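Coordinates in review
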Amino acid sequence: MEYYIQFMINGLITGSIYAVVAAGFSLIYNTHKFVHFAHGAVVMVGGYLFHTFFLLEWNIIVAALMAAMVTGGLALGLYQLTYAVFYKKRAGNVILLMASIALLLLINNVLQLFYGAQATVVKAFPVTEGLEFWGAIITPVQIIIIAVSLILLGLLYILMTYTQLGKMMRAVADNDELSLIIGIPRDNVKRFSFFIGSFIGALGGVLVSLQEALVPSRGTYLIIKGFTGAVIGGIESVPASIIGSYLLGFIENISIIYLPSDYKITISFGLLFLFLIFSPGGLYALFFKDRVSK
Amino acid sequence: MYYVLSLLTQIGIYAVIALSFNLALGFTGIINLSHISFLALGAYTTAILYTQFGMSFGVVMVLSGLLSGCVALFLIYACRKLRGDYLALGTLSFHFVIYSFIRNLETITGGTRGLIVDRPAFINDGINFFIMVVGLAVVFTFILARIVRSPFGTLLGAVRDDEKLARALGKDSQLLKVKAIVISAFITGVMGGVLAFFLRYVHPDFFFLYELVTILTIVIIGGLASLRGTLIATFIVLLIPEILRFVALPSSIIGPSRQILYSIILLLILLIHSRGILGKVDLH
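Residues numbered from 1 in each chain as written. Chains lettered and ligands numbered in written order. Predicted model: local features only at pLDDT ≥ 70, side-chain atom pairs only at ≥ 80, totals over all residues. Heavy atoms only, no water.

1. Observations regarding the overall build of chain B
Regarding its fold elements, chain B presents 13 helices and 2 strands. Dimensions of chain B, computed from the C-alpha atoms along their principal axes, are close to 55 × 45 × 35 Å. Looking at chain B as a whole, 60% of its 284 residues are labelled buried. Relative to all contacts within chain B whose residues are 6 or more apart in sequence, the contacts with residues 24 or more apart total 79%. For chain B, the computed accessible surface area is about 11600 Å², with 69% contributed by carbon and sulfur atoms. Positive and negative side-chain charges of chain B, numbering 20 and 12 respectively, have mean locations separated by a distance of 6 Å. (Helix = DSSP H or I, 4+ residues; strand = E, 2+ residues; numbered from the N terminus. Buried < 20%, exposed > 50% of the residue type's maximum accessible area, 1.4 Å probe, protein only. Contact = heavy atoms within 4.5 Å. Areas by Shrake-Rupley, 256 points an atom, 1.4 Å probe, with all protein chains shown as cover. Lys, Arg positive; Asp, Glu negative; His and termini not counted. Charge placed at Lys NZ, Arg CZ, Asp CG, Glu CD.)

Below, the structure is given as structure tokens:
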């Protein structure tokens, strides 16, 4: 029984990171309607910049926020150079998908050039003994990860629900031509949502760096996990993507009880494939079928 | 000399892989991002059956192709309802599934330790190997050229340009797609076997996203639905990074630089001229 609690807690921790990655990704997907695979690399940029700023002995919160700001700015720059041009040319989604895979590799390898392929450890917090809850062990850093991701997702919810900008983003996500007709500055809203998505993703990278050593290629796995979480929950809705990501975290960790731990990635890739085949709209589409347009 | 020979052999292998990719992507319009997994299946089938079970060379080659073909059959059936970018994502995730199986089935595939592949005696020599690759490349290019010029090839183009219209004219578009992707996967599987012999070693990471980007770059630079373009592009794409080799850089920089070069080339060609050199159709 204790095992289960431990695996649930582990699931919550991995799920928190996936959820933060998926939230940014899904926000970008919904306002732009294309799959931004390079988001995984953007997440890693956040983690590495945090590492650099932290080495400058900045305050940890300042370092994290600055890393996220700079990453958001860089991502927006890349957006202007690539995706915005594709939009102007009315390129199809497949071209955008290929471009995003190319961007993912590009950023990955630029990171590798700067920081090397070996693991980079960020010692933001001293290593402390774990605390015990009902026989399960959780470290203070892990509690911070869970709490920060919940706060972050809460803030995103408030932004999307109660602010003018959030409402405009949802309007663009709903129907971008109609939003333009009623006077929403569509392109600026899209840029802003790209920035916010990358900002949140970069903070996800910061969370990753607290939990484990950074490797450039980790970004590829993170975006596949975030994407899988989003597809399981329902990519058309940001909250559903977040719930799907937590679910994926639980499923992966509970699967360890029955299968060797290496099969974690097989399970998430397999789930991604099955969901894309049988229910591309995810659980959200299964439960609220009439509300999904696709 | 050895260097030039092995580079030319590599170009020969990649040319056939890219040509067969173009059959599915360019000529039939199936956005199949799991092409590299067919290559991996072929390579691993060869590595296991030849080195560990000692089957004969010819049988191993055919079985490698057949396994890839069967898996392609399953994939196209499973993804029959997906279109456009969802098809791309479905096939991409299938690629990940195959990759993770190869990585995890350690007792069969050696996992992340990889597998060592013995070369048959008659192609142990670099020149003989090169001659075999050229022979295979000529045969497969000839077959593909015949296919795309045949009435069957015209039908594939019809499926790509307007699937509904092709169906309205009584053509079984699903069957046509199945045929195209199975041929493409069979050829790729065989080339996977050749690649395994060429490298004398297989590792799951040879068959990850990076290879997909290389092949995509080749096909898109050459142009969709153009065999000649793909052949030209294979030379261009594989020769450009060789320049890096002559600059005195440590390998920790050359590796990433290669990837950076490929991704920038792919981005630029998509941005500036997504039809490529001799492309006849646009990506949707």
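2. Some details on the side chain of Ser209 of chain A
Note on placement: Ser209 of chain A falls in helix 9 (residues 186-211). For Ser209 of chain A, the residues in contact, after removing those within four places along its chain, are Gly47, Phe50, Val122 and Leu214 of chain A.

3. Topic: the pattern of salt bridges
It is possible for side chains of opposite charge to pair when their charged atoms get near one another. Within the structure shown, the criterion is met by 11 salt bridges over all chains. Linking Asp176 of chain A and Lys190 of chain A is a salt bridge whose minimum nitrogen-to-oxygen distance equals 3.1 Å. Placement of Asp176 of chain A in helix 8 (residues 176-181) and of Lys190 of chain A in helix 9 is noted, with a sequence separation of 14 residues between them. A relative accessible area of 25% places Asp176 of chain A in the partly exposed class. Looking at Lys190 of chain A, the relative accessible area reads 7%, which means it is buried. Note that Asp161 of chain B and Arg160 of chain B form a salt bridge whose closest N and O atoms lie 3.0 Å from each other. Bridged by salt links that share partners, the residues Asp176, Arg186, Asp187 and Lys190 of chain A form one connected network. (Salt bridge = Lys/Arg side-chain N within 4 Å of Asp/Glu carboxyl O.)

4. Focus on the packing of aromatic side chains
In the structure shown here, the tally under the stated rule is 25 aromatic pairs over all chains. In this structure an aromatic cluster arises from ring pairing among Tyr221 and Phe269 of chain A together with Phe96, Tyr99, Phe208 and Tyr210 of chain B. Over the ring of Tyr87 of chain A we find Lys190 of chain A, and its NZ or CZ is 4.7 Å from the ring centre. Between Arg80 of chain B and the ring centre of Tyr77 of chain B, over which it is positioned, the NZ or CZ distance is 4.2 Å. (Phe/Tyr/Trp six-rings, centres within 6.5 Å; stacked < 30°, edge-to-face > 60°. Lys NZ or Arg CZ within 6 Å of the ring centre and 35° of its normal.)

5. Brief notes about helix 11 (residues 227-239) of chain B
Residues and elements named next belong to chain B. Compared with the 18 Å implied by 1.5 Å per residue over 13 residues, the 19 Å span of helix 11 between its first and last C-alpha is a close match. Those residues of helix 11 that fall on the buried side of the exposure criterion are Leu227, Gly229, Thr230, Ala233, Thr234, Val237 and Leu238. In the core, the buried residues of helix 11 are packed alongside helix 1 (2-27), helix 6 (126-149), helix 10 (209-222), helix 12 (242-246) and helix 13 (251-272). (Expected span 1.5 Å × (residues − 1).)

6. Quick look at the packing of helix 5 (residues 93-115) of chain A against helix 4 (residues 84-104) of chain B
The N-to-C vectors of helix 5 of chain A and helix 4 of chain B enclose an angle of 35°; their axes lie 8 Å apart at closest approach. Residues Asn93, Val94, Leu97 and Ile101 of chain A of helix 5 of chain A form the contact with helix 4 of chain B, whose own contacting residues are Gly84, Asp85, Ala88, Leu89 and Leu92 of chain B. Considering only residue class, the contact of helix 5 of chain A with helix 4 of chain B consists of 6 nonpolar, 2 polar and 1 charged. (Axes fitted to C-alpha atoms, helices over the stretch in contact; angles between N-to-C directions. Nonpolar A, V, L, I, M, F, W, Y, C, P; charged D, E, K, R; others polar.)

7. Structural notes on the environment of Ala99 of chain A
Of note, Ala99 of chain A is situated in helix 5. When its relative accessible area of 0% is taken as the criterion, Ala99 of chain A is described as buried. For the pair Ala99 of chain A and Ala19 of chain A, spaced 80 residues apart in sequence, the C-alpha separation works out to 24 Å. When sequence neighbours within four positions are dropped, the list of residues in contact with Ala99 of chain A reads Phe86 of chain A together with Leu267 and Leu270 of chain B.

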